[in-house]
Amino acid sequence: RNILWKTPVEIGGYSSPIVAGDKVFVTAEMGSLVCLDVADGKILWKKDLFGQDSHDIPADLSKKLMRGCGGESKQSTPTPTSNGELVFYVNAMGLCACYDLQGKQKWIRIIETAEDEERFCCSPIFVGDRIILSWGCLLALSAKDGRTLWTAADAKPTYATPTIATIGGAAVVV
């Protein structure tokens, strides 16, 4: 009743869905990013960002990934984020990937992960041309190429998603 559509996506992720334009992005365990059509729920594309034999992870990065962390799930805990042109995903192994809304990969990399995997639930946010993450410390990545722009190593790990606020006329990350 009052359900427009349902689409099975393997095991659901622990993150929230997001909407960007005419697309819905969800995560699925073990470590997938799924793009659905907002009108009918049809799967438009899917990226496997966990599997040993994934065609979506370059071989050199695949060899560096620690697999099996988080037990049966929690690979896809962080909610993806979008600026309306790009969608960004990070999983519990610190694998970050950025795609355009049609599923073309812009960049993919591994960031150093927090020591305590229970902190892997912090979701990223877009701020202009930056992606802000709380991932063992607070850091900003370039949305264009994924390089680290800055880190705040003294920022304590947290379960919370960062946000932007203006304090005394200055934009700050909280």
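Residues numbered from 1 in each chain as written. Predicted model: local features only at pLDDT ≥ 70, side-chain atom pairs only at ≥ 80, totals over all residues. Heavy atoms only, no water.

Thoughts on unusual backbone geometry
Here comes step 1: Of note, the phi angle at N2 is positive, near 60 degrees, even though the residue is not glycine.
Here comes step 2: With respect to the secondary-structure elements, N2 resides in the segment before β1 (11-12).
Here comes step 3: For N2, a relative accessible area of 80% translates into the label exposed. (Helix = DSSP H or I, 4+ residues; strand = E, 2+ residues; numbered from the N terminus. Buried < 20%, exposed > 50% of the residue type's maximum accessible area, 1.4 Å probe, protein only.)

A look at the side chain of S134
Here comes step 1: Take S134: it is sitting in strand β11 (residues 130-134).
Here comes step 2: Look past the residues within four positions of S134 in its chain and what remains in contact with it is C122, T158, A160 and P162. (Contact = heavy atoms within 4.5 Å.)

What to know about the pairing of strand β13 (residues 148-152)
Here comes step 1: Relative to β13, strand β12 (residues 138-142) runs antiparallel, the two being bridged by four bridges. Opposite L138, over in β13, you have A152 as the bridge partner.
Here comes step 2: Linking two consecutive strands that pair antiparallel, namely β12 and β13, is a turn of five residues; a positive phi of about 85 degrees is found at G146 within it. (Pairing = 2+ DSSP bridges.)

A look at the sheet that holds strand β10 (residues 125-127)
The strands that make up a sheet pair up through hydrogen bonds in the backbone, lying either parallel or antiparallel.
Here comes step 1: Strand order in the open sheet formed by four strands is β10-β11-β12-β13, with antiparallel pairing between adjacent strands. Of all strands in the sheet, those bounded by a partner on one side alone are β10 and β13. Pairs of neighbouring strands in the sheet enclose a mean axial angle of 25 degrees, with direction left out of account. (Axes fitted to C-alpha atoms, helices over the stretch in contact; angles between N-to-C directions.)

Here's the deal with the sheet that holds strand β9 (residues 105-110)
Here comes step 1: Overall, antiparallel pairing links the four strands, which are arranged β6-β7-β8-β9 in an open sheet. Pairing within the sheet leaves two strands with one partner each, and these edge strands are β6 (81-82) and β9.
Here comes step 2: Bridging between strand β8 (residues 95-100) and β9 involves five bridges; their strand directions are antiparallel. Across the sheet, residue C98 finds its bridge partner in β9, namely W107.

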